[in-house]
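As a plain string of letters, each chain reads:
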Amino acid sequence: MAPQLSDVERIKAASRHLRGTLSESLANPVTGALADDDTQLSKFHGTYQQDDRDLRSERKRQRLEPAYSFMIRARLPGGICSTAQWLNVDGIARELANGSIRLTTRQSFQLHGVLKSNLKASIAGINSAMMDTLAACGDVNRNVMAPTIHELSRIHAEVQEHAKQLSEHLAPRTNAYHEIWLDGEKLAPEQEAGTDDSVEPIYGKTYLPRKFKIAFVVPPQNDTDIYAQDLGFIAIVKGGLLRGYNVTVGGGMGMSHGETATYPRLGDLLGFCPVDDLIAVAQAVVTTQRDFGDRSNRKHARLKYTIDAHGIAWFREQVVERSGVSLLAPQKFAFVGNGDAYGWQRDDTGRWHYTLFVQNGRVSDSGERRLMSGLAAIAAVHDGEFRLTPNQNIAISNIAESGRARIASLLEEFGIENTLTATPLRLHSMACVAFPTCGLAMAESERYLPGLLDKLDAAMAHAGLGEEAITIRMTGCPNGCARPYIAEIGLVGKGPGTYNLYLGGAFAGDRLGCLYRENIAEPEILEVLQALFGRYAAERLDSERFGAFLIRTSVVRAVNAGKEFHGEEKHDG
Ligand code: SRM
Ligand code: SF4
């Protein structure tokens, strides 16, 4: 007997291509929430229902419904955002959301704290600036990432264009988004009734079994963390020309504490494909996952588990057969790091780019550092664009030589230049959102990491490592939104104030970390890391990275495959 489908499958199938009763839910003045089933469907439209977790118990005590509000996530292929678009988002954030903009780990932005009554105006406002939120979340292909490299402007533009094309190709085709948010015309009755099977030629009416993520990257920088993606395209550049892509499949970060059948996994190299074949190959990967992904258990539904269940050889056969593309052997490449290059860079056409460190992606004004106002002031005078990076940062891009001094003075005026003053440890840090908005958070993350870093910076300085870069990432739960399992130091929330500590990930994001301490609080985190920083300073080899050092000295074992992540523990699925 076929296993029972998960409840989300029922909701998708009955949704008439993502309509559900969203319009009715939005119009209901009695509650700040959506109807239950609609909370699943709204994700496909780029918005999550949340409630303020800081207020949860007090609201309960007062017998009030939770303080509901919505998070809105945009879809911004390659993170490119014109300055006009930025100003539009800035305005919506101030007027209809919580007054801040949150840059994400997938080159996009989120707004938090949008009341249901303001949701439609906010989403319509984002669309008015030629951006959308469709498929920013949900069981579909999400925001396609592309590197924020600046030096090679032509290669960047080409790869960026491919990311955009693929994003378009894999976008849902349903008219529901336009109908609900943009008062678009209702289409033919059979589309509205959800009985027309041609509406979603790639996805069908139940879309994918789970979320799906794609990134492009140009070695030697692995800034889009290609091995964490369901599908990755590694650019092979020879003689200054883009020759094609090595394709990776089956990366992913999410897992659940105590459930060894769930694990983070690095993508496998599937083969090399010429540029012209990339859409066909991508579609074949997506449709194989559509047809074989596990629709009964959402914790086992990502592509990584489909590949581990059937084997990579089987998967390659499916892709070759469906795409008609015979994948060649992967071409040589090497990565050196997975962070962003900060500060000023000049590209090969002479234009300037400035990459700014945004701690944990939070754009707001705070004391002397008026980041939100500063970026708005820069957007008002800058005729290039902003590029949101895959590491929660922002680049002011495409600045003419003549405009450079003006941007530099605005950075100073608003107190936002910090790439020279922050330590390399901090510049290589990321934390997910977690409290108070994330419904899945078990521990603090964005609000906690900056303070912890103050103490770790002191420990690094004490060990004589103040100028060393180590990647450190924190999440409030094991879902892995800041990709902690491929950092050299990963801290993953276990409960209020406690974290699992993972060590030994690679500086270039191509090896997983290994569990070193479980459920520890700040005093032990500091004690353990202080001791290891001391040993690293004393015993490291020339240019040996922290993660590699911990493996050579057997502090932790090297974890190169998802199935090895839990060590000797049994895989029960
Ligand atoms: Fe994530 C769920 C925030 C990137 C793995 N993620 C969530 C939700 C929507 C919580 C929820 O389901 O209720 C979080 C909203 C918090 C809030 O209040 O805003 C959330 N994820 C984020 C962001 C904003 C983190 C950040 O600090 O930047 C990132 C938005 C990216 C974007 O613009 O699209 C974000 N999430 C990621 C990544 C990193 C990546 O994509 O490279 C991952 C790991 C990679 C992966 O998918 O395997 C990630 N998020 C998850 C998971 C675990 C999925 C799994 O396979 O198990 C969940 C939970 C789920 O899907 O059930 C989740
Ligand atoms: Fe929320 Fe967990 Fe993602 Fe952090 S890692 S944003 S706590 S789902």
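Residues numbered from 1 in each chain as written. Chains lettered and ligands numbered in written order. Predicted model: local features only at pLDDT ≥ 70, side-chain atom pairs only at ≥ 80, totals over all residues. Heavy atoms only, no water.

### Description of the coordination of the iron atom of ligand 1
There is one protein donor for the iron atom of ligand 1, namely Cys481 (SG), at 2.3 Å. Locating Cys481 in the fold gives a position in the loop between strand S18 (472-475) and strand S19 (489-495). (Donors = N, O, S within 2.8 Å, 3.2 Å for Na, K, Ca; no water. Helix = DSSP H or I, 4+ residues; strand = E, 2+ residues; numbered from the N terminus.)

### A short note on unusual backbone geometry
Look at the link from Pro219 to Pro220: it is a cis peptide, with omega at 15 degrees. Mapping Pro220 onto the fold places it in the loop between strand S6 (214-217) and strand S7 (231-238). Look at the link from Phe435 to Pro436: it is a cis peptide, with omega at 5 degrees. By secondary structure assignment, the location of Pro436 is in the loop between strand S17 (429-431) and helix H16 (449-462). Positive phi is not limited to glycine here, since His17 has a value of about 50 degrees. Residue His17 is classed as buried on the basis of its relative accessible area, which comes to 2%. For Arg483, which is not glycine, the phi torsion reads 50 degrees and is therefore positive. Residue position: Arg483 is located in the loop between S18 and S19. (Buried < 20%, exposed > 50% of the residue type's maximum accessible area, 1.4 Å probe, protein only.)

### Let's talk about the sheet that holds S7
Sheet architecture is open: four strands sit in the order S6-S7-S8-S9, paired in mixed fashion. In this open sheet, the two edge strands, each paired with only one partner strand, are S6 and strand S9 (268-274). Sheet twist, expressed as the average angle between the axes of neighbouring strands with direction ignored, equals 25 degrees. Relative to S9, strand S8 (residues 241-249) is paired through six bridges, and the arrangement is antiparallel. (Pairing = 2+ DSSP bridges. Axes fitted to C-alpha atoms, helices over the stretch in contact; angles between N-to-C directions.)

### Remarks on empty space enclosed by the protein
All told, the structure shown has one cavity of 30 Å³ or more when counted by the stated rule. A volume near 80 Å³ is recorded for the largest cavity. Taken together, 13 residues line the largest cavity, and the ones lying closest to its centre are Asn391, Leu427, His428, Ser429 and Met430. Broken down by class, the residue content of the lining of the largest cavity amounts to four nonpolar, seven polar and two charged. (1 Å grid on protein atoms, 1.4 Å probe; cavity = no way out; pocket = protein on both sides within 12 Å on 5 of 7 lines; lining within 4 Å. Points joined across faces, edges and corners; volume = space filled by probe spheres on them. Nonpolar A, V, L, I, M, F, W, Y, C, P; charged D, E, K, R; others polar.)

### As for the packing of aromatic side chains
Both the distance between ring centres and the angle between the ring planes are used here to describe each pair of aromatic rings. All told, the structure shown has 21 aromatic pairs when counted by the stated rule. The structure contains a cluster of three or more aromatic residues connected by ring pairs, namely Phe533, Tyr536, Phe546 and Phe549. Above the face of the Tyr516 ring, Arg517 is positioned so that its terminal group lies 4.4 Å from the ring centre. When the ring centre of Tyr536 is taken as origin, the NZ or CZ atom of Arg540, which lies over that ring, is 5.1 Å away. (Phe/Tyr/Trp six-rings, centres within 6.5 Å; stacked < 30°, edge-to-face > 60°. Lys NZ or Arg CZ within 6 Å of the ring centre and 35° of its normal.)

### Let's talk about the site of ligand 1
Around ligand 1, 30 residues are found, and the nearest of them are Thr104, Met253, Thr437, Cys481 and Arg483. A distance of 2.9 Å separates an oxygen atom of ligand 1 from a polar atom in the backbone of Thr105. Take Lys211: an N or O atom from its side chain is 2.8 Å from an oxygen atom of ligand 1. Only strand S1 (47-51), strand S2 (68-73) and strand S5 (109-114) provide two or more residues apiece to the shell around ligand 1. Residue composition of the shell around ligand 1, grouped by class: nine nonpolar, 13 polar and eight charged. (Near = heavy atom within 4 Å. Polar contact = N/O pair within 3.5 Å; in protein donor to acceptor, adjacent residues only side chain to side chain.)

### Notes on the environment of Ile202
Its place among the elements puts Ile202 in the loop between helix H9 (189-192) and S6. Note: C-alpha distance between Ile202 and Gly384 (182 residues apart in sequence) is 35 Å.

### A closer look at the site of ligand 2
In the vicinity of ligand 2, the residues found are Cys432, Val433, Ala434, Cys438, Leu440, Ala441, Thr475, Gly476, Cys477, Asn479, Gly480 and Cys481. Its residues placed into classes, the shell around ligand 2 shows eight nonpolar, four polar and no charged.

### Digging into the pattern of salt bridges
A complete count under the given rule lists 35 salt bridges for this structure. The residue Arg94 makes a salt bridge to Asp90 at a minimum N-O spacing of 2.7 Å. Placement of both Arg94 and Asp90 in helix H5 (residues 83-96) is noted, with a separation of four residues, approximately one turn of the helix. Arg94 sits in the partly exposed class, given a relative accessible area of 42%. What makes Asp90 buried here is its relative accessible area of 7%. Arg302 is the salt-bridge partner of Asp230, the closest N and O atoms lying 2.8 Å from each other. A residue pair is termed long-range when its members are at least 10 positions apart, and Asp230 in the loop between S6 and S7 and Arg302 in the loop between helix H10 (278-292) and helix H11 (303-310) qualify at 72 residues. (Salt bridge = Lys/Arg side-chain N within 4 Å of Asp/Glu carboxyl O.)

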